[in-house]
Amino acid sequence: MNWLDVVAEEDLADGAAALFRAAFGGEPGGVWIAPGRVNLIGEHIDYAGGPVLPFALPYATAVAVRRREDAMMRAVSTHTDNSWTGAIDEIGPGTPSGWAAYVAGVAWALQEYGIGGVDVAVHSSVPVGSGLSSSAALECSFALALSELFDLQVERKVLIEASIRAENEIAGASTGGMDQNIAMSAQAGHALLLDCLDGSTRQIPLDLGASGSRLLVIDTNAPHRLVDGQYGARRAALDTAYAALGVTTLRGLDSEQAVSGLDDDILIGRVRHVISEIRRVEQAVEILDRGAAGTELGELMTASHVSLRDDYEVSSPELDSAVDAALRAGAYGARMTGGGFGGSAIALVPSDLIQAAAAEISSSAARSGLPEPTFLSAEPAGSAHRFF
Ligand code: ADP
Ligand code: MG
C-alpha cells in the first residue's frame, strides 16, 4: 500500500529555499507555508451559499519569495520544469496560462494595495490536482508572502479574496471560496464551519481519536478535471433553479417544496443535493458539538456521497470504488471530497481497521483496473504562516 509521508515544515521550507537559490541566486526574503485541505462534509455547496466543514491537512505548500527592485515577476516550482517570467502589469485573464496563473493571479489581485516585483520558488507536499487543494495552498502561501514582504497591512480576509480572484479570474477555475478560507483560517485540531452565505466561521473541535475513529484520506490518483466545464455547468444549473423558484439561495428551503416547483429531472436532482447537503452539514456539526463521531457522522458522510453520485453526478468510478471498498471493510462512512470527477475520498474508520480498510480500497482498485490509490494521514493542521 502506498502511504504518503508527511513532510516536516523545515524540509518543505528547505526545498523551496534550495530551489530559490538554484533558480535566482542568493537568499529568499522569507518562506511562507499554507496547507492543503479535505472537506469533511458540505460538498458543492460553497458556491450555493451553504455551510461547509473543511479542515487543513498536514500536507502543505512552501513558497520562498524575495522582493525585486522592478515590477517583474519570476516563478519556479519543484513540481514542473515550466518557469514563468513576466511584468506584473501584463497579468490578466489567461496571462500567464498554466500553473503560474495561480501565483501571478494573486499578485494581480493585490496590485491595488501596492505590491512590487518578486521572485518566487514553490515546493509542495500536497498532491497536485487531487482535490486536496494544492491550488489554494499555493495562492494563500504566496498571498501571505506578498502581504508581509510589502507590508500591506491588510486583514487575511483581503488575502482570501485575492486568492479566490486569482483562481476564478486569472487561472479560470470557477471554484467557490472554501479552499482559500480554510488555508487562511485553519486551527490545528479543528475543522472550520464556514457559512458561505455570510462568510461567518466557527472552529469546531475535531478529535476523532477520542471516539475511537480515524479519518483515512484516499487520493484515487485519477486527476480531477474541474476546469473542463463541469463545475461551471453545476453552477449554471443552480442559477436556473434560482430563477425558476424566484429565490437567490436554496438555504432554508424545504426540499420537497422546492422540487415541486421544478419539472426538469436533472435540475431536481441538483437542487435536492444542495438542500439535503446543507442539512447534513448542520447535523454533522451537531454531532461533533456533542463530541460524538463514529456511526452517526459516518452515515451522514455516506449519504453525502450517494447524493453527490446520484443527484449531483460529480463522482467517478475511482471514487465510488474507494467508498464502496471502505464501507465493505467496516468504515463508519465514506464519501468523495472536493470537486469530484476523480480526486480524493475520505473514510471514517474505526481506528483498528485503518490498515484493513486501506488494503481493501487498494485491492478493489486493482481488481477494477483503476490507478493505485495513495493514502494520506489526516491530523487537522493549522493555517498559512511565515516559516522564517
Ligand atoms: P487541487 O487544488 O485539488 O490540487 P486544482 O486543479 O485546483 O487541483 O489545482 C491544481 C493546479 O494548481 C495545478 O495544475 C497547477 O497549475 C497548480 N499548482 C498547485 N500546486 C502547485 C505546485 N506545487 N507547483 C506548481 N503548480 C502548482
Ligand atoms: Mg484547487
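Remember, predicted model here, so these are calculated numbers, not experimental data.

1. Topic: the domain arrangement of the protein
Okay, so step 1: Segmentation of the protein into domains returns domain 1 (2-202 + 381-386) and domain 2 (206-376).
Okay, so step 2: Taken over C-alpha atoms, the centre of domain 1 sits 25 Å from the centre of domain 2.
Okay, so step 3: In this assembly, 40 residues from domain 1 lie in contact with 49 residues from domain 2.
Okay, so step 4: Note on domain 1 versus domain 2: buried area summed over both sides is about 3,600 Å², and carbon and sulfur give 64% of it.
Okay, so step 5: The three residues of domain 1 that bury the most area against domain 2 are Trp3, Ile41 and His44, which together make up 20% of that side's buried surface.
Okay, so step 6: Counting across the domain 1 and domain 2 interface gives three salt bridges.
Okay, so step 7: As a salt-bridge pair, Asp289 and Arg202 come within 3.1 Å of each other at their nearest N and O atoms.

2. Thoughts on the pattern of salt bridges
Okay, so step 1: Counted by the stated rule, this structure contains 21 salt bridges.
Okay, so step 2: Ionic pairing is found between Arg66 and Asp119, a salt bridge with its closest N-O pair at 3.9 Å. Of the two residues, Arg66 sits in strand 3 (residues 54-67) while Asp119 sits in strand 6 (residues 118-124), which places them 53 residues apart along the sequence.
Okay, so step 3: According to the relative accessible area criterion, Arg66 is partly exposed, its value standing at 22%.
Okay, so step 4: Residue class for Asp119 comes out buried when judged on its relative accessible area of 2%.
Okay, so step 5: Across the pair Glu148 and Arg386 runs a salt bridge whose closest N-O atoms are separated by 3.4 Å. Linking Glu148 in helix 3 (residues 134-149) with Arg386 in strand 13 (residues 385-386), this pair joins segments that are 238 residues apart in sequence.
Okay, so step 6: Since its relative accessible area comes to 35%, Glu148 is described here as partly exposed.
Okay, so step 7: Judged by relative accessible area, which is 36%, Arg386 ranks as partly exposed.
Okay, so step 8: The network of salt bridges with shared partners includes Arg66, Arg68, Asp70, Arg74 and Asp119.

3. Quick word on the sheet that holds strand 12 (residues 374-376)
Okay, so step 1: Here we have four strands laid out as an open sheet, ordered 10-11-9-12, and antiparallel in their pairing. Every interior strand has two partners, whereas the edge strands, strand 10 (333-337) and strand 12, have only one. The sheet shows a mean angle of 25° between the axes of neighbouring strands, direction not considered.
Okay, so step 2: By the bridge criterion, seven bridges tie strand 9 (residues 213-219) to strand 11 (residues 344-350) in an arrangement that is antiparallel. In the sheet register, Ile218 faces strand 11, and the bridge partner there is Ala345.
Okay, so step 3: Here helix 10 (residues 317-328) sits on the sheet in contact with strand 9, strand 10 and strand 11, set at roughly 165° to strand 10.

4. Describing the pairing of strand 3
Okay, so step 1: Along strand 3, eleven of the 14 residues are buried, which leaves the element largely enclosed by surrounding structure.
Okay, so step 2: Two strands pair when backbone bridges link them, and strand 1 (residues 30-39) and strand 3 are joined in this way by nine bridges, in the antiparallel orientation. The partner of Trp32 across the bridge, within strand 3, is Val63.
Okay, so step 3: In this structure, strand 3 lies alongside strand 6, joined through seven bridges in antiparallel fashion. If you follow Ala64 over to strand 6, its bridge partner there is Ala121.

5. So, helix 1 (residues 9-24)
Okay, so step 1: In this model helix 1 runs 22 Å from its N-terminal to its C-terminal C-alpha over 16 residues, within 8% of the 22 Å that 1.5 Å per residue would give.
Okay, so step 2: One or two steps after helix 1, the chain reaches Gly25, where phi turns positive at roughly 80°.

6. Examining the environment of Gly92
Okay, so step 1: Following the sequence through the fold, Gly92 ends up in the loop between strand 5 (80-87) and helix 2 (100-110).
Okay, so step 2: Leave out the neighbours within four places in its chain, and Gly92 touches Trp108 and Ile170.

7. Notes on helix 2
Okay, so step 1: Burial within helix 2 is extensive, with eleven of its eleven residues counted as buried.
Okay, so step 2: Taken as a whole, helix 2 has its buried residues at Ala100, Ala101, Tyr102, Val103, Ala104, Gly105, Val106, Ala107, Trp108, Ala109 and Leu110.
Okay, so step 3: Packed against the buried residues of helix 2 are strand 4 (72-77), strand 5, helix 3 and helix 4 (156-170).

8. Points about the packing of aromatic side chains
The geometry of an aromatic ring pair is captured by two quantities: the separation of the ring centres and the angle between the planes.
Okay, so step 1: Under the criterion given, the structure shown has four aromatic pairs.
Okay, so step 2: Relative to Phe375, the ring of Trp3 lies with its centre 5.4 Å away and its plane at 40°, an arrangement referred to as tilted. With Trp3 in the segment before helix 1 and Phe375 in strand 12, this residue pair connects regions lying 372 residues apart in the sequence.
Okay, so step 3: Taking the relative accessible area as the measure of exposure, Trp3 reaches 29% and is therefore partly exposed.

9. Some points on empty space enclosed by the protein
Okay, so step 1: Summed over the entire model, instances satisfying the criterion amount to one cavity of 30 Å³ or more.
Okay, so step 2: When its volume is computed, the largest cavity comes out at roughly 50 Å³.
Okay, so step 3: The wall of the largest cavity is formed by Ile218, Thr220, Glu318, Ser321, Ala322, Ile361, Ala365, Leu370, Pro371 and Pro373.
Okay, so step 4: Of all the elements in the fold, those that place two or more residues in the lining of the largest cavity are helix 10 and helix 11 (354-367).
Okay, so step 5: At three residues, the largest contribution of residues to the lining of the largest cavity is made by helix 10.

10. Brief notes about the sheet that holds strand 7 (residues 190-195)
Okay, so step 1: The strand order across the open sheet built from three strands is 2-7-8, with neighbouring strands paired in antiparallel fashion. The sheet is open, and its two borders are formed by strand 2 (51-52) and strand 8 (201-205), each paired with just one other strand.
Okay, so step 2: Pairing of strand 7 with strand 8, which is carried by five bridges, proceeds in the antiparallel orientation. Of the residues in strand 8, the one forming a bridge with His190 is Pro205.
Okay, so step 3: Seen against the sheet, helix 5 (residues 178-185) touches strand 2, strand 7 and strand 8 and runs at an angle of roughly 135° to strand 7.

Conventions used here
Residues numbered from 1 in each chain as written. Chains lettered and ligands numbered in written order. Predicted model: local features only at pLDDT ≥ 70, side-chain atom pairs only at ≥ 80, totals over all residues. Heavy atoms only, no water. Domains from an automatic or database assignment. Contact = heavy atoms within 4.5 Å. Buried area = accessible area lost by both parts, 1.4 Å probe. Salt bridge = Lys/Arg side-chain N within 4 Å of Asp/Glu carboxyl O. Helix = DSSP H or I, 4+ residues; strand = E, 2+ residues; numbered from the N terminus. Buried < 20%, exposed > 50% of the residue type's maximum accessible area, 1.4 Å probe, protein only. Pairing = 2+ DSSP bridges. Axes fitted to C-alpha atoms, helices over the stretch in contact; angles between N-to-C directions. Expected span 1.5 Å × (residues − 1). Phe/Tyr/Trp six-rings, centres within 6.5 Å; stacked < 30°, edge-to-face > 60°. 1 Å grid on protein atoms, 1.4 Å probe; cavity = no way out; pocket = protein on both sides within 12 Å on 5 of 7 lines; lining within 4 Å. Points joined across faces, edges and corners; volume = space filled by probe spheres on them.

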